[in-house]
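What the coordinates show
Single-letter residue listing:
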Amino acid sequence: MSRRALRRLRGEQRGQEPLGPGALQFDLRDDDDAEEEGPKRELGGRCPGEAGKEGVRVNNRFELINIEDLEDDPVVNRERSGSSLTDAAAPGNKGRAQRGNTDTKADGGVARTAPPEQVGGRVSNASGKLRKKKKKQKTKKSSTGEALENGLEDIDRILERIEDSSGLNRPGPAPLSSRKHVLYVEHRHLNPDTELKRYFGARAVLGEQRPRQRQRVYPKCTWLTTPKSTWPRYSKPGLSMRLLESKKGLSLFAFEHSEEYQQAQHKFLLAVESMEPNNIVVLLQTSPYHVDSLLQLSDACRFQEDQEMARDLVERALYSMECAFHPLFSLTSGACRLDYRRPENRSFYLALYKQMSFLEKRGCPRTALEYCKLILSLEPDEDPLCMLLLIDHLALRARNYEYLIRLFQEWEAHRNLSQLPNFAFSVPLAYFLLSQQTDLPEHEQSSAREKASLLIQQALTMFPGVLLPLLEYCSMRPDATVSTHRFFGPNAEISQPPALSQLVSLYLGRSHFLWKEPATMSWLEENVHRVLQAVDAGDPAVEACEHRRKVLYQRAPRNIHRHVILSEIKEAVAALPPDVTTQSVMGFDPLPPADTIYSYVRPERLSPISHGNTIALFFRSLLPNYTMEGERPEEGVAGGLNRNQGLNRLMLAVRDMMANFHLNDVEAPHEDDAEGEGEWD
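How each quantity is defined
Residues numbered from 1 in each chain as written. Predicted model: local features only at pLDDT ≥ 70, side-chain atom pairs only at ≥ 80, totals over all residues. Heavy atoms only, no water. Helix = DSSP H or I, 4+ residues; strand = E, 2+ residues; numbered from the N terminus. Buried < 20%, exposed > 50% of the residue type's maximum accessible area, 1.4 Å probe, protein only. Contact = heavy atoms within 4.5 Å. Areas by Shrake-Rupley, 256 points an atom, 1.4 Å probe, with all protein chains shown as cover. Phe/Tyr/Trp six-rings, centres within 6.5 Å; stacked < 30°, edge-to-face > 60°. Lys NZ or Arg CZ within 6 Å of the ring centre and 35° of its normal. Expected span 1.5 Å × (residues − 1). Salt bridge = Lys/Arg side-chain N within 4 Å of Asp/Glu carboxyl O.

1. Section: the overall build of the protein
- The helix and strand tally for the protein stands at 30 helices and 5 strands.
- A burial count over the protein gives 41% of its 681 residues as buried.
- Summarising the internal contacts of the protein: among those between residues at least 6 apart in sequence, 73% fall at separations of at least 24.
- Of the roughly 41000 Å² of accessible surface on the protein, a fraction of 52% belongs to carbon and sulfur atoms.

Structure follows, in structure tokens:
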């Protein structure tokens, strides 16, 4: 509270008392000044604490406002401050002169009035001491503020001890001390406009956007997407989220489908089986925020080269799911988990992945990196979409080398990231690019360069089959000593296991352009020759790495195959094993886990293929809506007709077929060829 407020508060308290002859007089001197100067100003045996002591007095309490403004300003010239204060106190002096006779009669003595110079000097001294006291109060405030912060920290520690002792864990964000971990997500980096403003400026990014309407159409603000005016009006589609359990500082959540949403999900599955995108469009007209329908139609638009509509549909799906978030679910804490084995949760994973892919193609690698961290934080142990095969690429594209190095240092011990080809080559590249920055000190540049050389030599020793395909991607021709050597020759690529070949193809198809810089190529060439020298010298690490390749890369797990399918990199998709390529892969749920946890079961329906009636199958091939007697018509398929309409259309189709069915006449022999008529040779 400021001194002005305190003085006003005191004035109000005094104003509530009964008014007397000197009730409206205010003394501007502080208590310290009164103690120091009080004995010198005593007159005729009066005590220093009595009302007759001299000072700057005012009759109108509102004049204190001007005096406080003068006290707040820095005083450069004492004479100026003294004159201003005397002018402000002039009405008070005039009032004291009028009350002089009454004061002398009451006190029984002669009252001595001070000359103007003394009053000005006293006021200037008082103002100087007021400034000193104000500085003391500021220091006291800062010390009290620090004490309050320390007290709050102590309270937090006490609460943490109580929670640890009782065994209770609150779901939601982690404490402030542990929040900035390696998977911490920042809200501002989830918005691509933040990155685009840094590249092109705010005017270029926000210039075409319309001003916000006064009436809010959408119920809440979201972090993942920005609602658009062209979207249908939002109404809850029946999607929600609940908290399953909370233990060890982690909270497990799951999406839930209401009965209405389950019916829409069954209709969606029927529409997918019909292989007709228009059926999904019809479903979206009744359920405009059905997530799986939006994602499936987005893939159809992307295949038709309509990228803008595909991205808009994915954003609408993300908005629908973010509106269903639990109040304790946090995108940034890194302590919230979603089990991929539940089909309801997979839609959120796939929507985030598709949005991340669009952001990368749009030229926003920093925002895409934040989405990648978000997907990885939802289930970092299992990593169902295998984001560890992508996060290094996005970090290098975003030039966030420190983050990639930190992730490698913290997770290498328990995740063995160096056994993945992408990390084995991306981390030394990050060290090298970091050493090329001119703003770093020389000793840090040299240490980063040495670390980069050491790690790239280990990567080339562990994965020798990467070198020649990488040089081919970069349109570089190796020298004869490298191409003809047995270690880096064609045999190195052929002899590696199929699972390792798939990982190498995925990395090279995605990140080969990061190695095209001349400085990077010269550094790589230097380390390749050092590795050849170590191989020729019989380094035991070479044989150990060869044995490790044969043991570790026998078969790739299912999440790697799922990542390859979602990446759509031709070289990696071609390297998939036959057991994956022969099975049907649905875009809304690619390669579901074998241990899927179903919360509800799809109702059984009569399969038309189960009937052995050949004629019925023939009619059904002509008209898919044809149903035999006893069969239930499939609900949810667009253009679904009743039995009579189906029979009528079937009869029309048969009539058209019979009208177009003609028998060709046998050609009559030509008149010229009369020799062979009626004869068989």
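More follows now that the structure is in view.
2. Side note on the packing of aromatic side chains
- Evaluated as defined, the whole model comprises 18 aromatic pairs.
- Ring plane angle 55 degrees and centroid distance 6.5 Å describe the contact between Y289 and Y319, whose orientation is recorded as tilted. Of the two residues, Y289 is situated in the loop between α11 (277–286) and α12 (291–303) and Y319 in helix α13 (residues 307–322); the sequence distance between them amounts to 30 residues. Per residue, the accessibility class of Y289 equals that of Y319, and both read buried.
- Geometrically, the ring pair formed by F325 and F348 is edge-to-face, given 5.6 Å between the ring centres and 85 degrees between the ring planes. Here the residue F325 occupies a position in the loop between α13 and β5 (336–338), and F348 occupies one in helix α14 (residues 343–362), the gap between them amounting to 23 residues.
- According to the relative accessible area criterion, F325 is buried, its value standing at 15%.
- Between the NZ or CZ atom of R316 and the centre of the ring of Y289, over which it lies, the distance is 6.0 Å.
- Lying across the ring of Y340, R346 places its NZ or CZ 5.7 Å from the centre.

3. Describing helix α15 (residues 365–378)
- If you check α15, its first and last C-alpha atoms are 20 Å apart, about what 14 residues at 1.5 Å a residue would give, namely 20 Å.
- Summarising burial for α15: 14 of the 14 residues are buried, a large majority.

4. A closer look at the pattern of salt bridges
- This model, assessed by the stated rule, comprises 18 salt bridges.
- Linking D312 and K228 is a salt bridge whose minimum nitrogen-to-oxygen distance equals 3.2 Å. With D312 in helix α13 and K228 in the loop between α9 (202–206) and β3 (239–247), the pair connects residues that are 84 residues apart, well separated along the chain.
- Taking the shortest distance from any N to any O, the salt bridge between E315 and K228 comes out at 3.4 Å. One end of the pair, E315, is in helix α13; the other, K228, is in the loop between α9 and β3, with 87 residues separating them in the sequence.

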